[in-house]
Amino acid sequence: MSAGYRPEGLVSGDDPERPDGDSTDTTRPTAQAPAPGPVGFGPVAWLRWTWRQLTSMRVALLLLLLLAVVALPGTFFPQRPQDPARVAQYYLDNPSLAPVLERWGLFDVFASPWFSAVYLLLFLSLVGCIVPRSLDHIKALRRPPPAAPSRFTRFPVRDAFASPVARDEAVATATTALKGYRLRRTDGADGAVTTLSAERGYTRESGNIVFHLALVGLLIAVGYGTFVHYRGQVIVVEGDTFANSQVQYDSFESGPWFDEGGLEPFRMRLDRFTSAFDEVSGQAADFRAEVTVTEPDGDEQPETIRVNHPLRTGGASVYLMGNGFAPDVTVTDAEGNVGFSGPVPFVIVDQATYDSRGVIKVPDTQVGDQIGLSGVFLPTAVVDPASDTAFSISPEPNEPLLVLDVWYGNLGLDDGVPQNVYQLDTQAMQQVRAPGPDGEDAPVRVVVAPGQTVDLPDGLGTITFNDLPRYVGLDLRYDPTLPWVLTFALLALAGLSASLFLPRRRVFVRIGQDEGGRTVVTAAALARGDDPGLERELTRVLEPLRPAVGKTDQDRMNQETGQAPDRQQDEGARRG
Amino acid sequence: MAELGQISLYLVTAAMTAYLIATIAFAIDFSRLAADRPSRVSRTADARELVSAGVADAPVVAARPVADAPLPPVRRAAAIGQSTFTVAVLMLVAGVVTRGFAAGRVPWANMYEFTTVSVVVASVVFLGIQRRRDVRFLGTFISLFALLALFLALAVLYTDPTAVQPALQSYWLVIHVAIATSGMGVFAVAATVSGLQLAKDRAIGRGTQGRILSSLPTSADLERLAFRINAVGFVLWTFVLISGAIWAEHAWGRYWGWDAKEVWSFVIWVVYAAYLHARSTRGWEGRRAAWFSVAGFASILINYYVVNLFVNSLHSYSGV
């Protein structure tokens, strides 16, 4: 988008003759001051004026700045898509401010109308700039280089000397030296003066255009992805099988164009989950879920899912996002009827010790109230008798223990309202409490280890801790645009590199004769953007034409530049 | 392993000492620069001045250095600064390498290590430019930056070398993080140059260009130098975003999720994009563009120190 460029190295406002009528200036009007509105003009003129403003470099720059600024609230306020729990907490902490922030979209900045407005305007501006610019570039690619200006005096990089080489030979030599350039040769009317216009590095502009178009492609690919993707989360306990259908997911969301029938019906059984921890630091070292995938055609395949190594199957990717323990318990009612039996996933609260929290809901009691057990699971439990608390000291299941509060009443499951499986709705329930050692009323806790059966208080029933399987939390995602997103991103990177590092140069060489019949060479070079090698390039081109005196100059210069490597070698030798 | 970690620590501390000496030596050189200024100005700049002073149509040789310009006098303090600086970099590199062996992985997986690697890259960029042209005036600032960054790393960010958690066990740790830390080092050098350019511009604007500032290259030269470094940095940062997105897709199941770190990395990218555009917008080039370069590096510092240490982010691997 850097149209309206001026050859770098020029004193401000001091353009050399621009005989090529480079039209890029008009595609990004860089008026010195924003033009006042076209007073007295009709709506069409206004539209044109608005369009010119929008596609101007100055507005593009302001939009870029604005984009940086409007992205920042996303880090000041909790964002719902990233962390809904912290948004809820923010509502509790700032009850009066939160609704205001909500209305302005500050809890979901990157989907807010104002953020979208900024980037859409920016992309509109980009397209408005880059399309005409691409057309210009295509034209330029078909045209020979522009004719040389009549005088070179205003170019900062130029040279002039009398050459010992004969005129025609000099033209041939210069043409050879300009190999790799596109060339336009102009012979003067009398045949005495020949001018070579040469240009190279069109890839610089091509790269610039590719970069900007790739960004547009990227935006379209990302946008399309949000329409056709799906994402689901599921918890699978060791030994259980997950079948890929929407009802099996614990949570599922998809883009509006996603076809539910499009879910590929593969199945996946979690055979085993293993974890490893660093013995010294206790830090997690490895998580590994071994699964058996059954393709729709019945083909079975053992696979391993690890962090950083998702499983690609059925068009979707399966990521290992979490894990934990799912104590397998059986709870009976007062008469010994089984009210609930099975593994219950507990959510890890502390990643270092795997202190986990969870609830066991027992809806199917034959007699008495429904039972709810809520509490913690500790993989390596240590009970502190003094404070009557228990905690875990290691994520490994060395001394597993369940510590549960007991509730009875109505679990509220029959209303048909979806419930959080990790929370007990205690609205219609009562906790079993009893006077503690200090005489104060305290909740009664049930403590149960694997293999044990413990009576629940108040004769409510029993709980048996059968087994301790692990569970994994899996994320399944499908987004067919991923390869496109990557392609456009890499194209942008390539285009950007070309536009920044490939030099675009024009070299003009005019070869004529003075009254004495000597060959006179005048030359100039011009670059787009910053080009530290421009002077060197002109020197290189003119080198074969230089007079003998110039040769000694050249030698001296070689000596000078030659010194640097020598010195570096010396230093290198000393260092070695 | 513990011994290696200890050796690494000694090397880093020794490097700090060398950086301290380099800072002082460069500062002495810097303060002396003004005394015989005319011979310090870059020779090509001299040549250009001659050109503009010459008769307009006379054949002039602009492309070549003025051969009989007086040789610059010996700058002993700068020479000392440069050699101690080189020693500091070598010791720091050794410190980083031993740290890698001590931890049994690449030595850039927590904030202490990011900092040491960034300092290495910034130092190497400085020495690399120094090979091609005289930028010893930057020495004071680069070694001071190195010193402060390393001090902060040792005093606040230090952690013992350990293996990394599963989320970091990926070859993208090698690529993505290496480029990100390198990008920080590159941008640091560019921001230093831009800062000097701004200081100089301001002094010229007030007409009170002091001895030291007047001994620096012209604002235009500083601007071009900063741009060349920033251009490299911008390409690196673009790659950081792309490689980060690829890694995020592998590790977290999505390539972009507006995590705090992602937001700031995006902001940094946009600020440097604005910098590149400002350079070619009339009325914004030069001084205003330099502010973007400085603002970009400020965002990098925020992204590094504030987001890593104080913001709840998925990138909380600082290990502090």
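Residues numbered from 1 in each chain as written. Chains lettered and ligands numbered in written order. Predicted model: local features only at pLDDT ≥ 70, side-chain atom pairs only at ≥ 80, totals over all residues. Heavy atoms only, no water.

Chain B goes by Cytochrome c-type biogenesis protein CcsA/ResC in an unreviewed UniProt entry, where it is assigned to Serinibacter arcticus. UniProt, in the comment section headed Subcellular location (unreviewed entry), describes chain B in these words: "Membrane". (UniProt positions renumbered as here; feature names shortened; annotations may be inferred.)

The name an unreviewed UniProt entry gives chain A is Ccs1/ResB-related putative cytochrome C-type biogenesis protein, with Serinibacter arcticus as the organism. Under the Subcellular location (unreviewed entry) heading, UniProt states for chain A: "Membrane".

### What to know about the overall build of chain A
A tally of helices and strands in chain A yields 12 helices and 28 strands. In chain A, which comprises 576 residues, the proportion classed as buried is 46%. Contacts in chain A between residues far apart in sequence, at least 24 positions, make up 62% of those at least 6 positions apart. (Helix = DSSP H or I, 4+ residues; strand = E, 2+ residues; numbered from the N terminus. Buried < 20%, exposed > 50% of the residue type's maximum accessible area, 1.4 Å probe, protein only. Contact = heavy atoms within 4.5 Å.)

### Examining the environment of Leu147(B)
Residue and element names in this part refer to chain B. Along the polypeptide, leucine 147 turns up in helix H5 (residues 139-157). Since its relative accessible area comes to 14%, leucine 147 is described here as buried. The spatial distance from the C-alpha of leucine 147 to the C-alpha of serine 265 is 25 Å, given a sequence separation of 118 residues. Here leucine 147 is in contact with Met16, Tyr19, Leu20 and Thr23, once residues within four sequence places are set aside.

### A look at the nonpolar core
Formed by 132 residues in total, the largest nonpolar core has its most connected members in Tyr19(B), Phe85(B), Phe137(B) and Trp237(B). A total of 16 residues in this core trace back to one element, the largest contributor, which is helix H8 (residues 219-252) of chain B. Counting contributing residues, this core receives three or more from each of domain 1 (48-129) and domain 3 (214-323 + 474-479) of chain A. If sequence neighbours within four positions are ignored, Tyr19(B) has contacts with Phe85(B), Ala88(B), Val89(B), Leu92(B), Val119(B), Ser123(B), Ser143(B), Ala146(B), Leu147(B) and Leu150(B). With 51 residues, the next largest nonpolar core counts Val318(A), Phe346(A), Val448(A) and Leu476(A) among its residues. (Core = buried A, V, L, I, M, F, W, Y, C linked by side-chain atoms within 4.5 Å. Domains from an automatic or database assignment.)

### Notes on the sheet that holds strand E25 (residues 462-467) of chain A
Residues and elements named next belong to chain A. The 4 strands lie next to each other as E13-E12-E25-E24, forming an open sheet whose pairing is antiparallel. Among the strands making up the open sheet, the edge pair consists of strand E13 (338-343) and strand E24 (453-455). Along the sheet, successive strands turn relative to each other by an average axial angle of 15 degrees, direction set aside. In terms of strand pairing, strand E12 (residues 328-332) meets E13 through 5 bridges, oriented antiparallel. Paired with threonine 330 across the bridge in E13 is serine 341. (Pairing = 2+ DSSP bridges. Axes fitted to C-alpha atoms, helices over the stretch in contact; angles between N-to-C directions.)

### With respect to the UniProt feature "domain: ResB-like" (unreviewed entry) in chain A
Under the present numbering, the feature "domain: ResB-like" (unreviewed entry) in UniProt falls on residues 57-538 of chain A. With 27% helix and 36% strand, residues 57-538 of chain A has end C-alpha atoms that lie 31 Å from one another.

### What about the UniProt feature "transmembrane region" (unreviewed entry) in chain B?
Residues and elements named next belong to chain B. UniProt tags residues 6-30, 85-102, 108-129, 141-159, 171-196, 225-248, 263-278 and 290-311 as "transmembrane region" (unreviewed entry). Here residues 141-159 runs as 89% helix and 0% strand, with 27 Å between its end C-alpha atoms. The span residues 171-196 is 100% helix and 0% strand, and its two end C-alpha atoms sit 38 Å from each other.

### Let's talk about the packing of aromatic side chains
Applying the stated criterion across every chain yields a total of 44 aromatic pairs over all chains. With a centroid separation of 6.3 Å and 45 degrees between ring planes, the pair formed by Phe211(A) and Trp269(B) is classed as tilted. Residue Phe211(A) is located in helix H9 (residues 202-228), and its partner Trp269(B) is located in helix H9 (residues 260-279); the two belong to separate chains. Like Trp269(B), Phe211(A) is buried. The rings of Phe273(A), Phe277(A), Phe287(A), Phe325(A), Phe346(A), Tyr354(A), Phe377(A) and Phe465(A) are connected pair by pair, giving a single aromatic cluster. Arg470(A) extends its terminal NZ or CZ atom over the ring of Phe325(A), reaching a point 4.1 Å from the ring centre. Geometry around Trp284(B) places Arg288(B) over its ring, the cationic atom sitting 4.6 Å from the centre. (Phe/Tyr/Trp six-rings, centres within 6.5 Å; stacked < 30°, edge-to-face > 60°. Lys NZ or Arg CZ within 6 Å of the ring centre and 35° of its normal.)

### So, helix H11 (residues 534-542) of chain A
In terms of burial, H11(A) is largely enclosed, as 7 of its 9 residues are buried. Taken as a whole, H11(A) has its buried residues at Leu534(A), Glu535(A), Glu537(A), Leu538(A), Thr539(A), Val541(A) and Leu542(A).

### A few points about the sheet that holds strand E2 (residues 182-187) of chain A
All names here are of chain A. Read from one edge to the other, the open sheet built from 5 strands follows the order E1-E28-E27-E3-E2, with strand pairing classed as antiparallel. In this open sheet, the two strands that pair with only one neighbour each are strand E1 (157-163) and E2. Sheet twist, expressed as the mean angle between neighbouring strand axes with direction ignored, is 15 degrees. Pairing geometry for E1 and strand E28 (residues 519-527), over 7 bridges, is antiparallel. Of the residues in E28, the one forming a bridge with arginine 158 is alanine 524. Each of E1, strand E3 (194-200), strand E27 (505-513) and E28 touches H11; the most contacted strand, E28, lies at about 150 degrees to it.

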